[in-house]
Structure formats: C-alpha cells, structure tokens
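An overview of the molecular structure
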Amino acid sequence: MRNGELLINSLNMGFAGGKMSLNGKYNATDPSKAITGLNMNLENVEIASVLQSFEMFDKMLPVLKALTGKISFGFNFATDLDSQMSPVLTSLNAMGLISADSVKVTQTENLNKITSLVGLTNSSNVSKTLKSIKANFTVKDGKVQINPFPVKLGDFNMMVGGQQGLDQVADFQIDMAVPAKELTSQANSLMQQMGLKGTSNNTINVGVSVAGTISNPTFKLVKPKYMENPSIMQQASEQAKDLAKEKANELLQSVSGCGKSETTDSTESAKSTEKEEKTKEAVNQIKDLFKKKQ
C-alpha cells in the first residue's frame with residue numbers, strides 16, 4: 001500500500017471448489033470515487049458459488065443462473081466502486097474468456113422452447129448438457145458483447161453469439177446443425193420454404209434469434225448467420241488463446257511494480273522515479289485498453 005493505492009501481485013487462494021488468482025490495483029486517492037483494475041482468473045469453480053460471491057457476473061452473464069457445474073473464467077476489468085466497494089456497472093469495462101468441458105442446463109424452459117420451435121420430433125428428449133464451451137466476451141458502455149463461439153448441446157453442434165445490455169435486453173442468435181431425420185414433417189417443409197441448406201451429413205443449419213429480455217425472451221426461426229459464414233467459423237475456431245487477457249496481464253503487472261521492494265539511495269531513487277513514469281504510462285495504457293467512461 002502506498003499513496004492511496006493498493007497493489008495486488010499474484011494473490012492466489014482456493015475459491016468455490018477451485019482456485020482464484022488476482023493481479024491489479026485499487027486506487028482511492030480521490031476519496032469520493034475509488035477505482036480498480038484487476039485481472040481475475042477463476043479455475044474450475046462452481047457456478048452457483050461464483051454468482052453468490054460476485055454480483056457483477058449475475059448482471060453480465062445471467063444465463064449462468066440456468067446452468068450448474070464447474071467453469072473457468074479469465075476476466076480483466078476496470079470499474080469505479082461505490083461506497084460499499086461494489087462495482088458501478090455503468091462504468092464497467094471488461095474482457096474475458098469463459099470455458100468449461102461440460103455443464104448441465106437446470107432451468108430448461110427456454111431450451112425446450114427453442115427445440116420445439118426448431119421442430120425436433122422429440123424435443124423433450126434433447127440432451128440438457130452443454131459441452132466444449134470457450135467463449136470470449138467484452139463489456140463496454142453498458143453492453144455485454146459475446147463473440148460467436150461453437151458449443152455442443154448433447155450431439156448437436158451449435159454457434160452462439162450476440163449481445164445484451166446490463167438492462168437485460170437481449171439480442172442473440174443461436175445456429176444449430178439439426179439432423180433432418182430428427183425434424184417433424186411440418187418443420188422440414190418450413191425449412192425448405194425458408195431456403196435453409198442441408199449439409200453432407202444430412203443436417204440442416206437453422207437459426208434462432210433471441211430478443212426481448214433475459215427474464216422474458218422471445219424466439220424466432222431465422223436463417224443461420226454464423227454456421228454458413230466461413231470467416232466467422234474460422235475466427236471462432238482460433239479462439240484457443242485469449243490474447244486480450246494476455247495484454248491486460250502485461251499491463252497490470254507493470255502497474256503492480258512486479259512486487260519489488262523500495263530503497264532509499266540516490267541510484268534506486270532514480271530508478272523509482274523512472275518506474276513511476278512507466279507506471280503512469282501503463283495506467284494510461286490500461287485506460288486506453290478499457291476505454292473507461294468519465
């Protein structure tokens with residue numbers, strides 16, 4: 001702690017059945033408005049415990065409330081803090097990566113609506129397990145943008161992407177590759193009328209738009225926009241690394257000063273001055289990276 005700032009460097013602990021690590025800074029030099037910039041990594045943690053501990057995840061990614069299981073986050077954010085040390089969501093700017101091998105859908109009402117809309121003959125028997133999740137997202141100007149990402153619902157391949165406001169207004173699309181033999185005759189006829197294409201695997205790519213609000217969404221059958229766009233598919237397949245997180249790690253490590261101790265001799269004082277200048281530069285880089293609202 002120094003000059004109204006708390007620097008956090010490689011803080012590690014057990015959390016929610018998994019692990020949590022933190023790097024970053026908390027700044028309260030202005031008593032009326034504290035700010036923080038953190039790199040948070042949550043590894044193999046229980047979804048329910050995360051939502052109970054961090055209200056901002058509940059606001060940013062409310063779909064998590066419909067899931068159960070363990071998930072991992074790489075999350076970098078900058079935000080103002082209120083008098084209770086809680087994030088001011090309107091000032092929140094963030095980027096992150098969510099990944100999980102497998103999670104269960106426990107709130108199935110909306111999933112059942114989607115599978116029924118698509119026209120699956122046995123929609124109630126569709127697997128309630130999501131597998132191979134790796135999704136990048138950003139938060140800026142009160143909106144959560146989720147880049148299109150592949151995921152499996154049981155044996156069905158899907159692509160999901162879109163955005164939602166922190167006011168919970170939704171604008172997403174779900175593309176599904178559905179085996180033609182799993183569709184009702186009425187659904188097959190509708191797919192042909194819409195000009196939806198079949199594939200070499202005898203599946204049909206179907207789109208479902210999600211509008212309304214997170215608590216009361218509306219669904220509509222539309223043409224797919226992810227699965228039949230080669231550039232989007234290619235981009236999604238290359239999301240093995242979260243480059244934004246790596247950049248934020250680098251900047252936050254610069255701000256934290258790498259945990260080096262202070263000295264008082266003139267040589268080290270000069271080095272300290274140089275380090276402070278670099279720290280100011282890093283802070284400005286972080287502001288540019290997150291583009292915090294003033």
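Residues numbered from 1 in each chain as written. Predicted model: local features only at pLDDT ≥ 70, side-chain atom pairs only at ≥ 80, totals over all residues. Heavy atoms only, no water.

1. Some remarks on the overall build of the chain
- Of the regular secondary structure elements, the chain holds 7 helices and 12 strands.
- Burial status across the chain gives 44% buried among its 294 residues.
- Within the chain, residue pairs in contact and separated by at least 24 positions form 58% of the contacts whose partners lie at least 6 positions apart.
- As displayed, the chain has an accessible area near 15600 Å², and 50% of this comes from carbon and sulfur atoms. (Helix = DSSP H or I, 4+ residues; strand = E, 2+ residues; numbered from the N terminus. Buried < 20%, exposed > 50% of the residue type's maximum accessible area, 1.4 Å probe, protein only. Contact = heavy atoms within 4.5 Å. Areas by Shrake-Rupley, 256 points an atom, 1.4 Å probe, with all protein chains shown as cover.)

2. Focus: unusual backbone geometry
- With phi around 50°, Ala16 is a residue other than glycine that occupies positive phi space.
- Within the secondary structure layout, Ala16 lies in the loop between strand S1 (5-15) and strand S2 (18-27).
- According to the relative accessible area criterion, Ala16 is buried, its value standing at 17%.
- At Asn44, a residue that is not glycine, the phi angle is positive and equals roughly 55°.
- By the element assignment, Asn44 lies in strand S3 (residues 34-46).
- Its relative accessible area of 41% is what places Asn44 among the partly exposed residues.

3. Focus: the packing of aromatic side chains
- For the coordinates displayed, the defined rule picks out 6 aromatic pairs.
- Ring centres of Phe75 and Phe137 lie 5.9 Å apart, and the angle between their planes is 25°; this geometry places the pair in the stacked category. Taken as a pair, Phe75 in strand S5 (residues 70-81) and Phe137 in strand S7 (residues 129-140) lie far apart in primary sequence, 62 residues in all. Of the two residues examined, Phe75 and Phe137, each falls in the buried class.
- Members of the aromatic cluster, connected to one another through ring pairs, are Phe15, Phe54, Phe57, Phe73, Phe75, Phe77 and Phe137. (Phe/Tyr/Trp six-rings, centres within 6.5 Å; stacked < 30°, edge-to-face > 60°.)

4. Things to note about the pairing of strand S11 (residues 203-212)
- For S11, the buried fraction is high: 7 of the 10 residues fall into the buried class.
- Pairing analysis gives 8 bridges linking strand S10 (residues 170-179) to S11, with the strands arranged antiparallel. Paired with Ile174 across the two strands is Val208, which belongs to S11. (Pairing = 2+ DSSP bridges.)

5. Regarding the pattern of salt bridges
- Under the defined criterion, the tally for this structure stands at 3 salt bridges.
- Its salt-bridge partner being Lys25, residue Glu5 comes within 3.0 Å of it at the nearest N-O pair. With Glu5 in strand S1 and Lys25 in strand S2, the pair connects residues that are 20 residues apart, well separated along the chain.
- Owing to a relative accessible area of 11%, Lys25 belongs among the buried residues under this scheme.
- The shortest N-O distance in the salt bridge between Asp58 and Lys65 comes to 3.5 Å.
- The class for Lys65 is partly exposed, based on a relative accessible area of 43%. (Salt bridge = Lys/Arg side-chain N within 4 Å of Asp/Glu carboxyl O.)

6. Quick word on the pairing of strand S9 (residues 156-165)
- Where burial is concerned, most of S9 is hidden: 8 out of the 10 residues are buried.
- Direction of pairing for strand S8 (residues 143-153) relative to S9: antiparallel, over a ladder of 9 bridges. Bridge assignment links Gln145 to a residue of S9, and that residue is Gln163.
- Linking S8 back to S9 in an antiparallel pair, the connection comprises 2 residues, with Gly154 at a positive phi of about 60°.
- Sheet analysis places S9 next to S10, joined by 8 bridges and oriented antiparallel. Bridged to Gln164 within S10 is Ala170.
- Between S9 and S10, which pair antiparallel one after the other, the connecting turn spans 4 residues, and Gln168 there sits at a positive phi close to 80°.

7. So, the nonpolar core
- Counting 60 residues, the largest nonpolar core has Leu42, Phe57, Met60, Leu61, Phe73, Val118 and Leu130 as the members making the most contacts within it.
- Sequence-distant contacts of Leu42, defined by excluding residues within four places in its chain, comprise Phe15, Lys19, Met20, Val50, Phe57, Ile71, Ser72 and Phe73. (Core = buried A, V, L, I, M, F, W, Y, C linked by side-chain atoms within 4.5 Å.)

8. Looking at the side chain of Asn23
- You can see Asn23 is positioned in strand S2.
- Side-chain polar atoms of Asn23 contact the backbone nitrogen of Ser10, separated by 2.7 Å. (Polar contact = N/O pair within 3.5 Å; in protein donor to acceptor, adjacent residues only side chain to side chain.)

9. Concerning the environment of Asn3
- By the secondary structure assignment, Asn3 is in the segment before S1.
- Here Asn3 falls in the exposed class, since its relative accessible area comes to 64%.
- Between the C-alpha atom of Asn3 and that of Thr29, which follows or precedes it by 26 residues, the distance is 7.2 Å.

10. Overview of helix H3 (residues 109-118)
- Restricting attention to buried positions, one finds in H3 the residues Leu111, Ile114, Thr115 and Val118. For H3, the arc enclosing every buried residue in end-on projection is 90°, short of the 170-degree limit, so these residues lie on one face.
- Among the residues trailing H3, Gly119 stands out with phi positive, at a value near 100°. (Arc of directions from axis to C-beta.)

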